[in-house]
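The chain contents come next:
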Amino acid sequence: MSFQNNIFFQKVKDYSVSKEIFELHHNPEYDLLITFPKPSLEKLPSYYESDDYISHTDGKRSLFERAYHIIKNVALKNKVKLINAQSQKGKLLDIGAGTGDFLVVAKKDGWQTTGIEPSNKAKAIAINKGVSFADNLANLESHSFDIITMWHVLEHVPNLDEYISELKRLIKPTGTIIIAVPNFKSFDANFYGRHWAAYDVPRHIWHFSKITIEKLFAEKEMKLVEVLPMKFDSFYVSLLSEKYKTGRMNFIRAFFVGLKSNLSGKKTKEYSSHIYVLKNK
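Residues numbered from 1 in each chain as written. Predicted model: local features only at pLDDT ≥ 70, side-chain atom pairs only at ≥ 80, totals over all residues. Heavy atoms only, no water.

(A) Focus on the overall build of the protein. Of regular secondary structure, the protein possesses eight helices and 10 strands. The globule rule puts the C-alpha radius of gyration for 281 residues at 19 Å, and the 18 Å found for the protein is close to it. Based on the C-alpha atoms only, the size of the protein along its principal axes is roughly 45 × 45 × 40 Å. Here the protein holds 281 residues, and 53% of them are scored as buried. Intrachain contacts of the protein at a sequence separation of at least 6 include 70% that bridge at least 24 residues. For the protein, the accessible area works out to roughly 13300 Å², and carbon and sulfur atoms hold 54% of it. Side chains of the protein carry 40 positive and 31 negative charges; the gap between the two charge centres is 7 Å. (Helix = DSSP H or I, 4+ residues; strand = E, 2+ residues; numbered from the N terminus. Rg over C-alpha atoms; globule rule 2.2 N^0.38 Å. Buried < 20%, exposed > 50% of the residue type's maximum accessible area, 1.4 Å probe, protein only. Contact = heavy atoms within 4.5 Å. Areas by Shrake-Rupley, 256 points an atom, 1.4 Å probe, with all protein chains shown as cover. Lys, Arg positive; Asp, Glu negative; His and termini not counted. Charge placed at Lys NZ, Arg CZ, Asp CG, Glu CD.)

(B) Layout of the sheet that holds strand β8 (residues 206-207). On the basis of which strands lie adjacent, the open sheet formed by four strands has the order β1-β2-β3-β8 and antiparallel pairing. Edge positions in the sheet fall to β1 (7-13) and β8, since each has one partner strand and no second. Relative to strand β2 (residues 21-27), β1 runs antiparallel, the two being bridged by six bridges. What sits directly across from I7, in β2, is H26. (Pairing = 2+ DSSP bridges.)

(C) Summary view of the pairing of strand β7 (residues 171-182). Taken across its 12 residues, β7 has nine buried, putting it largely inside the fold. What joins strand β6 (residues 145-151) to β7 is helix α4 (residues 160-170), and the crossover it makes is right-handed. Of the pairings in the sheet, the one linking β7 to strand β10 (residues 273-280) comprises seven bridges and is antiparallel in character. Bridge assignment links I177 to a residue of β10, and that residue is L278. (Right-handed = clockwise from strand over helix to strand, strands pointing away.)

(D) Just the side chain of S273, in detail. Mapped onto the secondary structure, S273 falls in strand β10. Since its relative accessible area comes to 1%, S273 is described here as buried. In terms of polar contacts, S273 uses its side chain to reach the side chain of D233, at 2.7 Å. S273 has contacts with H152, V181, P182, N183, L228, P229, M230 and D233, leaving out every residue within four places of it along the chain. (Polar contact = N/O pair within 3.5 Å; in protein donor to acceptor, adjacent residues only side chain to side chain.)

(E) Focus on unusual backbone geometry. In this chain, F36 is followed by P37 through a cis amide linkage whose omega measures -5°. Structurally, the position occupied by P37 is in the loop between β3 (32-36) and α1 (63-86). With an omega of -5°, the peptide bond running from V201 to P202 counts as cis. Its location among the elements puts P202 in the loop between α5 (187-192) and β8. Backbone geometry places D31, a non-glycine residue, at a positive phi of 50°. With respect to the helices, strands and loops of the structure, D31 is situated in the loop between β2 and β3. When its relative accessible area of 9% is taken as the criterion, D31 is described as buried.

Spelled out as structure tokens, the structure:
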């Protein structure tokens, strides 16, 4: 896949770490937004060096963080329910496992679990919870996993084509890949524009639509079989977007924008984030 003939879309600021300005370019062939310039592999880790990068900590310092973890516990149960609907309990690989809570819950439910996590800080927290990790994807055996999950991770990977090829290599012929990513075509994305928190440049290199996911995986002989909404995301993203836009957490306004986004998504099928269920053709 090559992403050529891209069109300037808009400028977006890195609100959480560097305060630098980046551009989003739209690729019409894949209906994909691309962060430009893409950070070098050497510099990319520096954009994650923040105590506010919530998926790399178990912090509960504020009302926002406490609310995040309450919602996360509900989401964990839903994720395990989803993987159980796809396969009998077998081998599960979670890429971008963070502090390991999903794998902890899945293991208790009977899954054989393995994680991949580039953040040493997050990985150390997960290891203390009993989570097992592989060093990298290349060392894992081909066609060895019944389920591969990436919860808000695919948007971070530097080389999209190589990464999807690795997913194809690792999944069993009868296995399922589950990808969760933000949706730049949602109501809250349009409402907040350049302040939309889920752009999260430059940590989010790629910004997907349903067309993007379907086309990218079709090129690897995989089919999109189901698209599911992540309804909590609209509230979480709207709350951060309010902070980026106004400088403060406006809980009431964020709640109503998140609610309106979900109501809009019910009609348009364009939610703040989607879960994509993919299988081999």
